[in-house]
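A look at the structure
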Amino acid sequence: MVAVDHDANAVELRGPSREAIDAWLDRHGRHLRPVAAEGVAEPESAPARRHDPGDAPRWRRSDAEYAEAVEQCRAAIRAGEAYVLCLTDTAEVPGACDPVEIYERLRAAGPPMRGGILDAGSHALVSASPERFLSVRGRRVATHPIKGTRRRGGSGRADRELAARLAADPKERAENLMIVDLMRNDLSRVCEPGSVRVDRFLDVETHPHVLQLVSTVSGALARGAGVWDAIAAAFPGGSMTGAPKRRAVELLQRIEGGPRGFYSGCFGWIDRGGDAELAMTIRTVELHRGDRPVARAAAGGGITIDSVAASEVSEKHVKAAALLEALCCSAR
């Protein structure tokens, strides 16, 4: 793991042994070359390949089909089976891509808050995630669910107006409130009674491409409970499932019609002392290598009874735009 400490302005390569670190450097060390006088040397990318129109992103569902899935979610909510459902869709781009190149393209518009690359050989994950799943420091555990997204405007004034509308939107507020309540319930299973609290509620965060409505829930881990207990209690993240969580997962498995893969899981680090920083695998590209390499990206949004299908289709595309642009450029 390449650990970047921004506070100390330091970078450290970590691994299970000196031999493992040396082997990693032999394979990937070219990406750590120092800055040359004329600029940063370009990393070696995947072999060049011809791009044709057939390589355009292919969504699992058409816009009309996704709109129908939104209505299926609303019907389930109307029937009392759920309060909110996080509906998602997956797009594929065929061809081999270099994970470092994709990550550099995602960073071009601004550094991700919780970005990273995990390369396991046959698969790789590239994420520019804005959302924290769990943070553990000593006995303190916190989560930062995101619900509510708008594309940024073309100026500071436009951003401020959009942020005000996002913060006041009844549908987005209701969706965020339900997920905050779900995460309070999850953390209360492993925290000291009375310690779980909402530290921040319905704040608008500004990211390179979007504005997002974010809340923070935290608590003090109970005696005998640790990071693994917190993960077991909170996984999968409520912002990517819905409420109530178990029934939401069952409904979405049927409505979405296919697996999510790495999307809506989590990634990050856990140290020997039990501290951890885990991000949601959203704004994430999943690379599959082999005879028929393919890259996948997913996006979606929370559906409530007040959702408008056309708006949900638009939100899906807004969230996926930067990922698909990075993928299509890398696959050319």
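Reference entry: report on the structure contained in this document.

Criteria and cut-off values
Within every chain, residues take consecutive numbers counted from 1 along the sequence as written. The model is predicted, so local features are restricted to residues of pLDDT at least 70 and side-chain atom pairs to those at 80 or more, both for listing and for counting; the totals for chains, interfaces and linings are taken over all residues. Hydrogen atoms and water are omitted, and side-chain values are computed over all heavy atoms in the structure. Here a Phe, Tyr or Trp ring, Trp counted by its six-membered ring, pairs with any other such ring whose centre lies within 6.5 Å, and the pair is stacked when the planes are under 30 degrees apart, edge-to-face when over 60, and tilted otherwise. Runs of E in the DSSP output that reach at least two residues are strands. Runs of H or I that reach at least four are helices, and both are numbered from the N terminus. In our convention, an over-ring charge means Lys NZ or Arg CZ found within 6 Å of a ring centre and within 35 degrees of that ring's normal. For this analysis, a polar contact is any N or O atom pair within 3.5 Å, provided that within protein one partner can donate a hydrogen and the other can accept it, and provided that sequence-adjacent residues contribute only side-chain to side-chain pairs. In this analysis, two residues are considered to be in contact whenever any of their non-hydrogen atoms come within 4.5 Å of each other. Expected span of a helix, by definition, is 1.5 Å for each gap between consecutive residues, and there is one gap fewer than residues. Any residue under 20% of the maximum accessible area for its type is buried, any over 50% is exposed, and the rest in between are partly exposed; the area is computed with a 1.4 Å probe on protein chains only. By construction, the arc corresponds to the directions joining the helix axis to the C-beta atoms. For each structure, a 1 Å grid was placed over the protein atoms alone; sets of points admitting a 1.4 Å probe that cannot get out are labelled cavities, open sets with protein on both sides within 12 Å along at least five of seven lines are labelled pockets, and lining residues have an atom within 4 Å of a point. Grid points are joined across faces, edges and corners, and a volume is the space filled by probe spheres set on the points. Residues are grouped as follows: Ala, Val, Leu, Ile, Met, Phe, Trp, Tyr, Cys and Pro are nonpolar; Asp, Glu, Lys and Arg are charged; every other residue, Gly included, is polar. By definition, a salt bridge exists where a carboxyl oxygen of Asp or Glu is found within 4 Å of a side-chain nitrogen of Lys or Arg.

As for the packing of aromatic side chains
Summed over all chains, the structure comprises one aromatic pair. Consider the rings of Phe133 and Phe235, whose centres lie 6.0 Å apart with planes at 85°: the pair is edge-to-face. Of the two residues, Phe133 is situated in strand E7 (residues 132–137) and Phe235 in the loop between helix H6 (227–234) and strand E12 (242–243); the sequence distance between them amounts to 102 residues. The ring of Tyr66 is capped by Lys316, whose NZ or CZ atom sits 4.6 Å from the centre of that ring.

Comments concerning the side chain of Glu256
If you trace the backbone, Glu256 turns up in helix H7 (residues 245–256). A polar contact of 3.0 Å, which involves the side chain of Glu256, links it to the backbone nitrogen of Thr88. A polar atom in the side chain of Glu256 sits 2.7 Å from the side chain of Arg260. Every residue in contact with Glu256, bar those within four places of it in the chain, is listed here: Arg60, Arg61, Cys86, Leu87 and Thr88.

A word on helix H4 (residues 156–168)
Taking 1.5 Å per residue as the helical rise, H4 with its 13 residues ought to reach 18 Å, and the 18 Å between its terminal C-alpha atoms agrees with that figure. For H4, the complete set of buried residues consists of Asp159, Leu162, Ala163 and Leu166. Down the axis of H4, the sector holding all buried residues measures 105°, keeping them to one side. Exposed and oriented more than 90 degrees from the buried face of H4 are Arg157, Arg160, Arg165 and Ala168. For H4, the secondary structure elements touched by its buried residues are strand E9 (146–151), helix H5 (170–188), strand E10 (197–206) and strand E11 (210–220).

Remarks on empty space enclosed by the protein
Following the criterion strictly, the structure yields four cavities of 30 Å³ or more and no others. Approximately 130 Å³ is the volume attributed to the second largest cavity. In terms of lining residues, the second largest cavity is bounded by 17 residues, among which Lys147, Met240, Ile282, Arg283 and Lys319 are the most central. Broken down by element, the lining of the second largest cavity gets its largest block of residues, four residues, from E9. Broken down by class, the residue content of the lining of the second largest cavity amounts to six nonpolar, six polar and five charged.

A closer look at the pattern of salt bridges
For the structure shown, the criterion picks out 21 salt bridges. A salt bridge links Lys171 to Glu172, with the shortest nitrogen-to-oxygen separation between them at 3.9 Å. Overall, Glu172 belongs to the buried group, its relative accessible area being 4%. In this structure, Asp203 engages Arg200 in a salt bridge whose closest nitrogen and oxygen atoms are separated by 3.8 Å. You can call Asp203 partly exposed: its relative accessible area is 29%.

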